[in-house]
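# Structure at a glance
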Amino acid sequence: MSRFEFIAPCHFGLESVLKREITDLGYEIVQAEDGRITFAGDETAFCRGNIFLRTTERILLKVDKFKAETFEELFENTKEIPWENYIPPNGKFWVAKATSIKSKLFSPSDIQSIMKKAIVERLKKLYKIEWFPEDGNEYPIRVTFMKDEITIGIDTSGESLHRRGYRKLASKAPITETLAAALIMLTPWKRDRILIDPFCGSGTIPIEAAMIGANIAPGMNRSFLAEHWTELIPKKAWYQAIEEANDVMLHDIDMSIQGYDMDGEIIKAARQNAALAEVEQYIHFQQRPVKELSHSKKYGFIITNPPYGERLEEKAALPALYKEIGQAFNALDSWSYFIITSYEDAQKYIGRKADKNRKIYNGMLKTYFYQYMGPKPPKRLDMDSK
């Protein structure tokens, strides 16, 4: 079997979660860096990486890494890459995205056009054609410059992997599916414990929790660019990965997951999204403000993404809101709470310092994942707390 290297980008601060996911799939970690994990695998990794990984934004096939301080070096080194191993004569290829950090070559548009010319030059000679129809399968190339070193990958996913296909309706400030999954996986929550999201919006956290609990692969109901790369990956590898996803899915299980929000219309949207994700049987959605949060059972979990107040008029309301959150938490004193927010005074108004605090970048926005750990349930009560 062939050995390939892959790059899996993720939110800054969530590398450890993605690394664990990749290891659990049985692939070798090559390098862990800020915002991305490089791993090695055979052709099954194209399929299983895209279908099973919950916390990466996409899977890139790594084709090379080299240093370039001038456009001439960039052109010549790009031309040396054996692009014919990846792109057929009718393939549609372009440098879809170029980013540059602390590097002499910093213009994305110049990097993109020079690399495209270099690839064309190489393939013209090898394929003995002057003009490329580019009417075949797509091979979008993504490159990152960091301190004059460029890493080059071909995107195997297409649309970002956070687009599972179930979120047709979204709230005003939705959390992405990949981030929601990562937050849940940072907690000790398991499917036999109650989970509530009191600011559920369009339902992303409860839906991702239900998918994790039922072992539903996040990518099993969508398509990927690399499905059509039959010169690299046999079709049967995709069929086998989907078959594996169906085999490991759990049926006839009990879960107690609840999602609340003040907005009745967004609760309707959350129910529709859960139905599209085929997890509606595991989640109870209800219109309810956080000040009315209560539960008769002990030892549950709250994982939530409350308002941040990014707009000035909303910021004024945050002290009162976070006080309400703190009061609601105090009433559930045996529970564990996990909150992601960019509001720096969150702990002050909640009225309690978090046991742990992890910094996570949600795009360019710096957020904090505050973790308040409740007591562990007695073993005999563990199953009763459902």
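Structural notes, computed from the coordinates. (Residues numbered from 1 in each chain as written. Predicted model: local features only at pLDDT ≥ 70, side-chain atom pairs only at ≥ 80, totals over all residues. Heavy atoms only, no water.)

### Observations concerning the nonpolar core
Counted only if it meets this: Nonpolar cores were defined as sets of buried Ala, Val, Leu, Ile, Met, Phe, Trp, Tyr and Cys residues, with membership established by side-chain atoms within 4.5 Å. Burial classes: relative accessible area under 20% of the type maximum marks a residue as buried, over 50% as exposed, and values in between as partly exposed (1.4 Å probe, protein chains only). The contact rule is simple, with two residues in contact once any of their heavy atoms fall within 4.5 Å.
Counting residues in hydrophobic clusters, the biggest one holds 96 residues, and the most contacted among them are Leu74, Trp83, Ile152 and Val279. In this structure Leu74 touches Phe66, Ala68, Leu105, Ile111, Ile114, Met115, Phe145 and Ile150, once residues within four positions along its chain are discounted. Ranked by size, the runner-up nonpolar core spans 24 residues in total, among them Ile196, Val290, Ala328 and Leu332.

### A closer look at the sheet that holds strand S11 (residues 301-304)
Test applied: What makes two strands pair is DSSP finding at least two bridges between them. Strands here mean DSSP runs of E at least two residues long; helices mean DSSP runs of H or I at least four residues long; both are numbered from the N terminus. Convention adopted: a line fitted to C-alpha atoms gives each axis, helices being fitted over their contacting stretch, and angles between N-to-C directions are expressed from 0 to 180 degrees.
Within the open sheet, the seven strands sit side by side as S10-S9-S8-S11-S12-S14-S13. Their pairing is mixed. Whereas interior strands pair on both sides, the edge strands pair on one side only; in this sheet they are strand S10 (283-287) and strand S13 (356-362). Between one strand and the next, the sheet's axes are offset by a mean angle of 20°, whatever the strand orientation. Judged from the two bridges that link them, strand S8 (residues 195-197) and S11 form a sheet pairing that is parallel.

### Points about empty space enclosed by the protein
One way to see where empty space is left: roll a probe the size of a water molecule over the atoms. Here is the rule: Using a 1 Å grid laid over the protein atoms alone, points where a 1.4 Å probe fits but cannot get out form a cavity; open sets with protein on both sides within 12 Å along at least 5 of 7 lines form a pocket; any residue with an atom within 4 Å of a point counts as lining. Grid points are joined across faces, edges and corners, and a volume is the space filled by probe spheres set on the points. Residue classes follow a fixed rule: Ala, Val, Leu, Ile, Met, Phe, Trp, Tyr, Cys and Pro count as nonpolar, while Asp, Glu, Lys and Arg count as charged, and any other residue, Gly among them, counts as polar.
Under the counting rule described, the total for this entry stands at one cavity of 30 Å³ or more. Considering only enclosed or pocket space, the largest cavity measures out at about 30 Å³ in volume. Together, Asn50, Ile51, Leu53, Leu161, Arg164, Pro218, Gly219 and Arg222 line the largest cavity. Its residues placed into classes, the lining of the largest cavity shows four nonpolar, two polar and two charged.

### Describing the packing of helix H5 (residues 177-185) against helix H6 (residues 204-213)
Filter applied, for reference: Here is the rule for handedness: rotate from the far helix to the near one, and if that takes an anticlockwise turn smaller than a right angle the crossing is left-handed, while a clockwise turn gives right-handed.
Between H5 and H6, the shortest axis-to-axis distance is 9 Å and the interhelical angle comes to 65°. For the crossing formed where H5 meets H6, the hand is right-handed. Residues Glu177, Ala180, Ala181, Ile184 and Met185 of H5 pack against Thr204, Ile205, Glu208, Ala209 and Ile212 of H6. Of the residues that constitute the contact of H5 with H6, the class distribution is seven nonpolar, one polar and two charged.

### Comments concerning the sheet that holds strand S6 (residues 138-146)
Spatially, seven strands are ordered S2-S3-S1-S4-S7-S6-S5 in an open sheet, and the strand pairing comes out mixed. Single-partner strands in this sheet number two, and they are strand S2 (28-33) and strand S5 (92-101). Within the sheet, the average angular offset between the axes of one strand and its neighbour, ignoring direction, is 30°. Bridge count between S5 and S6: nine bridges; the pairing is parallel. From the neighbouring strand, Val95 faces S6, where its bridge partner is Ile141. The sheet contacts of helix H2 (residues 44-52) involve strand S1 (4-9), strand S3 (36-41) and strand S4 (60-67), and relative to S1 the element is tilted by about 15°. Helix H4 (residues 108-127) rests against S5, S6 and strand S7 (149-155) of the sheet, and its axis sits at about 140° to S5.

### Focus: the pattern of salt bridges
Rules: One speaks of a salt bridge when a side-chain nitrogen belonging to Lys or Arg is within 4 Å of a carboxyl oxygen belonging to Asp or Glu.
Enumeration according to the criterion identifies 18 salt bridges in this entry. Its salt-bridge partner being Glu130, residue Lys124 comes within 3.6 Å of it at the nearest N-O pair. Residue classification places Lys124 among the partly exposed residues on the basis of a relative accessible area of 21%. Glu130 gets classed as exposed once you look at its relative accessible area, which sits at 64%. One continuous salt-bridge network, built from bridges that share partners, spans Arg3, Glu5, Glu28 and Lys62.

### Brief notes about the packing of H2 against helix H7 (residues 235-248)
One way to put it is that H2 packs onto H7 with a least axis distance of 8 Å and a crossing angle of 40°. Once H2 is placed against H7, the crossing between them reads as right-handed. Along its contact with H2, which presents Phe46, Cys47, Arg48, Asn50, Ile51 and Phe52, the element H7 presents Ala237, Trp238, Ala241, Ile242, Glu244, Ala245 and Val248. Here the contact of H2 with H7 is built from residues that sort into 10 nonpolar, one polar and two charged.

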